[in-house]
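The primary structure of each chain is shown beneath.
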Amino acid sequence: MKKIITGLLLTSSFLVSAAAPEFTEKQLQQVAELRTNASSSDLSYQLLESLTTEVGPRLPGTENDKKAVAWAQAKFKELGFDKVWLEEATFPEWRRFSESGKILTPSEQPLHLTALGHSVSTPKDGITAEVVLFETLDELIAAPANSLKGKIAYINYRMNRHIDGNGYGPAVRARSTGSVEAAKKGAIGYMMRSVSTAHHRFAHTGGSHYKDGVTKIPNVTIANPDADQIARLIALGKNVTVNINVQTEDRGQGTGYNVIGQFNGTQNPEQYVLIGGHLDSWDLGTGALDDGAGVALTMAAAKHISEIKRPKRSIRVVLFAAEELGLWGAKAYFKQHADDLDKIVAAAESDFGADVVYGFESNVSAASLPVVRAIAQQLAPLNVEYIGKNSANGGPDLIPLKNATSAPIFELHQDGTDYFDYHHTADDTLDKVDPAKLKQNTAAYAVFALMAADAKTTIKAKPAK
């Protein structure tokens, strides 16, 4: 599958001219061998199958989360990584116990919903109230003071579908702070259309936040077909009343672990390429797409590299803890390594499912671009196009790195057209992963990581502004 990004592609002849100084013919032969091996190996799928089957869902702080840490340690050692270690991360621990809902008027109908992360419980019998519909978060914010007293606020914002998932950011605003804005207006509960592109009847969970000084109210999303049903009823002028019942618990501070494996470099082992994903997942599915695939393919990519050669710089795979509850593992990792972040020569996270990588983009110094273009040339046989904007953002767990310092960050853009059909739902399971596409991802990460670690020129970050 080949995606064309108009105006951003460089010709292969230009790429060739940049590649020669950075890599020898022998190195390029090794890259080609790696690309072939990783493209034909089942290792990443085997790892993903093991994680999602033997461990399953991995909500931070649960017994399964702890089992996942033990699983990752054992797999790193089994794969022959030179160093395997844990680094502690703390986070606000939360549990979901039960959840249900129904439309009561104008006629009784089931309501498929799920609590958002950190939502408080309803009373044991739930809450029953009239629904007030808003199309956007901004419309809710603009509502008159006390206009929602005793009612349930409902945001019906529809997320758009796009290959790069660009509808997620606008939609997730309502998930993050909608309950706060609803409570300010006097609401006793908050619900929203799922942050989702799906037509199936699964509600999508995700992180949400409360604000000190504002009443905490129950906070849920509803499946898109149910969202449409409520919107139709209200459009007909009906008074819609619903019952929401969610039982949850805030358990205070929890402790988890980033699990790290490294193959040491031969010349500058203190410098390293950082790849990885987050080990935790939501509790509804088995976390195959989010982010078991990222865990499995980066572990496998590093293993495949080790079978070809040990590059000049180290390859480090970081499996971050508690991403879903607020990037807590990433915050802990980059805080702990604050004094040596300059040792990272390239960083990329896989956290966007398991569809094909269609684009490769950097965010590095101008002097490092010849290396980037050389890598892009070797990714081209995998149908990965070079995006020359040099403004990659990286995955979510790299946000603390970007905030802490200027760093050489990369994105291997995955096709996210269908990702938000399954994201954060009970439908995020192994059968949604195409093994052939996972192999292509693994090969792309392997080629990128080897070349970034073995280049003659050390990749550098853009100068700080």
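Residues numbered from 1 in each chain as written. Predicted model: local features only at pLDDT ≥ 70, side-chain atom pairs only at ≥ 80, totals over all residues. Heavy atoms only, no water.

As recorded by an unreviewed UniProt entry, the chain carries the name Carboxypeptidase Q and is attributed to Pseudoalteromonas haloplanktis. The UniProt entry for the chain carries the following comment under Subunit (unreviewed entry): "Homodimer. The monomeric form is inactive while the homodimer is active." (UniProt positions renumbered as here; feature names shortened; annotations may be inferred.)

1. Examining the pairing of strand 1 (residues 83-105)
Pairing between strand 1 and strand 8 (residues 241-263): 20 bridges, direction antiparallel. Residue pairing in the sheet places K83 in a bridge with Q262 of strand 8. Pairing geometry for strand 1 and strand 2 (residues 109-110), over two bridges, is antiparallel. Of the residues in strand 2, the one forming a bridge with K102 is P110. (Pairing = 2+ DSSP bridges. Helix = DSSP H or I, 4+ residues; strand = E, 2+ residues; numbered from the N terminus.)

2. Looking at the packing of aromatic side chains
Summed over the entire model, instances satisfying the criterion amount to 13 aromatic pairs. Aromatic pair Y333 and F334: ring centres 5.1 Å apart, planes at 85°, arrangement edge-to-face. A residue is classified by how much of its surface remains accessible, and Y333, at 0% relative accessible area, is buried. Residue classification places F334 among the buried positions, given a relative accessible area of 3%. Judged by centre distance (5.0 Å) and plane angle (50°), the ring pair of F410 and F448 falls under tilted. Taken together, the positions of F410 in strand 14 (residues 409-414) and F448 in helix 13 (residues 435-454) put the pair 38 residues apart, joining distant regions of the chain. (Phe/Tyr/Trp six-rings, centres within 6.5 Å; stacked < 30°, edge-to-face > 60°. Buried < 20%, exposed > 50% of the residue type's maximum accessible area, 1.4 Å probe, protein only.)

3. Some remarks on the UniProt feature "domain: Peptidase M28" (unreviewed entry) in the chain
The sites that UniProt annotates as "domain: Peptidase M28" (unreviewed entry) are residues 258-446. Note that residues 258-446 is 33% helix and 25% strand, and that its end C-alpha atoms are spaced 21 Å apart.

4. So, empty space enclosed by the protein
Within the structure shown, the criterion is met by three cavities of 30 Å³ or more. Taken together, S281, W282, L284, G285, G287, D290, E324, H424, T425 and D428 make up the lining of the largest cavity. When its residues are assigned to classes, the lining of the largest cavity shows two nonpolar, five polar and three charged. (1 Å grid on protein atoms, 1.4 Å probe; cavity = no way out; pocket = protein on both sides within 12 Å on 5 of 7 lines; lining within 4 Å. Points joined across faces, edges and corners; volume = space filled by probe spheres on them. Nonpolar A, V, L, I, M, F, W, Y, C, P; charged D, E, K, R; others polar.)

5. A few points about the packing of helix 2 (residues 25-40) against helix 8 (residues 288-308)
Contact geometry for helix 2 and helix 8: axes closest at 10 Å, N-to-C directions at 135°. Viewed along their axes, helix 2 and helix 8 adopt a mutual orientation that is oblique. Where helix 2 crosses over helix 8, the two elements pack in a sense that is right-handed. Residues Q30, E33, L34, N37 and A38 of helix 2 form the contact with helix 8, whose own contacting residues are H304, I305 and I308. Partitioned by chemical class, the residues of the contact of helix 2 with helix 8 number four nonpolar, three polar and one charged. (Axes fitted to C-alpha atoms, helices over the stretch in contact; angles between N-to-C directions. Parallel < 35°, antiparallel > 145°, perpendicular 65-115°, else oblique. Left-handed = near helix turned anticlockwise from the far one by under 90°. Contact = heavy atoms within 4.5 Å.)

6. As for helix 3 (residues 43-55)
The first and last C-alpha atoms of helix 3 sit 18 Å apart over 13 residues, in line with the 18 Å expected at 1.5 Å per residue. Residues of helix 3 that are buried include every one of L43, S44, L47, L48, S50, L51, T52 and V55, and no others. On its buried side, helix 3 packs onto helix 4 (63-78), helix 8 and helix 13. At the exit of helix 3 stands G56, carrying a positive phi of roughly 90°. (Expected span 1.5 Å × (residues − 1).)

7. A few points about the pattern of salt bridges
Throughout the structure, instances matching the rule amount to 23 salt bridges. One salt bridge in this structure joins K343 and D342, with 3.6 Å as the shortest N-O distance. For D342, a relative accessible area of 60% gives the class exposed. Each of E93, R95, E249 and R251 takes part in salt bridges that share partners, so that together they form one network. (Salt bridge = Lys/Arg side-chain N within 4 Å of Asp/Glu carboxyl O.)

8. Thoughts on the packing of helix 8 against helix 13
Contact geometry for helix 8 and helix 13: axes closest at 8 Å, N-to-C directions at 50°. By the angle class used here, helix 8 and helix 13 are oblique. Handedness of the crossing formed by helix 8 with helix 13: right-handed. Where helix 8 approaches helix 13, its residues A293, L297, T298, A300, A301, H304 and I305 are matched on the opposing element by L438, N441, T442, Y445, A446, A449 and L450. Split by residue class, the contact of helix 8 with helix 13 holds 10 nonpolar, four polar and no charged.

9. Examining unusual backbone geometry
At the junction of T105 and P106, the peptide bond is cis and its omega measures out at 15° in the coordinates. Relative to the helices and strands, P106 resides in the loop between strand 1 and strand 2. Between D290 and the following residue, D291, the backbone shows a cis peptide bond with an omega angle of 5°. Considering the arrangement of structural elements, one finds D291 in helix 8. Even without a glycine there, the phi angle at N383 is positive, about 65°. Residue position: N383 is located in the loop between helix 10 (369-379) and strand 13 (385-387).

10. Brief notes about helix 8
Given a rise of 1.5 Å per residue, 21 residues ought to cover 30 Å, and the 28 Å separating the end C-alpha atoms of helix 8 matches this to within 8%. In terms of residue burial, helix 8 counts as a mostly covered element, since 20 of its 21 residues are buried.

11. Some thoughts on the side chain of R35
Tracing the chain through its elements places R35 in helix 2. One buried charged residue, R35, forms no salt bridge at all, with the nearest opposite charge on E25 at 10 Å. Here Q378 takes part through its backbone oxygen, which lies 2.9 Å from a polar atom of the side chain of R35. If we ignore the near neighbours within four places in the chain, the residues touching R35 are Q378, P381, L382, A443 and V447. (Lys, Arg positive; Asp, Glu negative; His and termini not counted. Polar contact = N/O pair within 3.5 Å; in protein donor to acceptor, adjacent residues only side chain to side chain.)

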